[in-house]
Amino acid sequence: MAKVYAMVADGAEEVELLAVVDILKRGGIQTVLVSLNDTKTTVSSHKLKMDADAVIAETDFSDGDVIFLPGGLPGAENLSNCEVLVAAIRQALAEGRRVAAICAAPAVVLGRHGFLEGKTATCYPGFEEELHGASYTRQGVVTDGNITTARGLGFAIDLGLELVRLLDSPEKAEDVREKIQYS
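Owing to the predicted nature of the structure, the values given are computational and were not obtained by experimental measurement.

A. Geometry of helix 1 (residues 14-26). Between its terminal C-alpha atoms helix 1 stretches 18 Å, which fits the 18 Å expected from 13 residues at 1.5 Å a residue. Listing the buried residues of helix 1 in full gives Glu 14, Glu 16, Leu 17, Ala 19, Val 20, Val 21, Ile 23 and Leu 24. One side-chain oxygen of the residue at the start of helix 1 lies 2.7 Å from the amide nitrogen of Val 15, identifying that residue as Glu 13. Looking one or two places after helix 1, you find Gly 28, whose phi comes out positive at around 80°.

B. Looking closely at the sheet that holds strand 5 (residues 54-55). The strand order across the open sheet built from 7 strands is 5-2-1-6-7-11-10, with neighbouring strands paired in mixed fashion. The sheet terminates laterally at strand 5 and strand 10 (141-144), the two strands that pair on one side only. Where strand 6 (residues 66-69) and strand 7 (residues 98-102) come together, 4 bridges link them in parallel fashion. When the sheet's bridge partners are listed, Phe 68 is paired in strand 7 with Ala 100.

C. Examining the packing of helix 1 against helix 5 (residues 156-167) more closely. Interhelical geometry of helix 1 versus helix 5 gives an angle of 35° and a closest axis separation of 8 Å. Judged by the twist between their axes, the crossing of helix 1 over helix 5 is right-handed. Of the residues in helix 5, those touching helix 1 at Val 15, Glu 16, Ala 19, Val 20, Ile 23 and Leu 24 are Ala 156, Ile 157, Leu 159, Gly 160, Leu 161, Leu 163 and Val 164. Looking at the contact of helix 1 with helix 5 residue by residue, the class counts come to 11 nonpolar, 1 polar and 1 charged.

The rules behind each value
Residues numbered from 1 in each chain as written. Predicted model: local features only at pLDDT ≥ 70, side-chain atom pairs only at ≥ 80, totals over all residues. Heavy atoms only, no water. Helix = DSSP H or I, 4+ residues; strand = E, 2+ residues; numbered from the N terminus. Expected span 1.5 Å × (residues − 1). Buried < 20%, exposed > 50% of the residue type's maximum accessible area, 1.4 Å probe, protein only. Polar contact = N/O pair within 3.5 Å; in protein donor to acceptor, adjacent residues only side chain to side chain. Pairing = 2+ DSSP bridges. Axes fitted to C-alpha atoms, helices over the stretch in contact; angles between N-to-C directions. Left-handed = near helix turned anticlockwise from the far one by under 90°. Contact = heavy atoms within 4.5 Å. Nonpolar A, V, L, I, M, F, W, Y, C, P; charged D, E, K, R; others polar.

This is the structure in structure tokens:
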């Protein structure tokens, strides 16, 4: 079974996080929410308390197929400033595993740290200049190699379905789409 580590930072956009996680779970993908804090509790960009499954200091990302980064501010900034997370992303990409990011996170995390060099990517409008080394597209969801990016909250379900497609099959993604009545 595929495994996704979904990162939860203070200031994360909760719907971007939870919509993708919901779709992954409906698709049978094991999903672990990982807090950047010393505790499992985080506070989202709209001040909702969320409890993660694990804390980053105790997480070994080596068995994961994807590291997922939600957007939101200051959530994306907090992700970008986490050296442990950046190292885990670097390791995952070096090993050919996937990374997915939505909204500001493709630019603020992946772009700033040089992970998008030579890739086509999307992000929330206004952050395009931080997609260092990438070709920007206004597409809602883009997969280029082992990196998948999404433009913003309105594309969170599409991102979840794309990850189900990549981790399981197009048929499984279509099954989830039909069950949630998503056209």
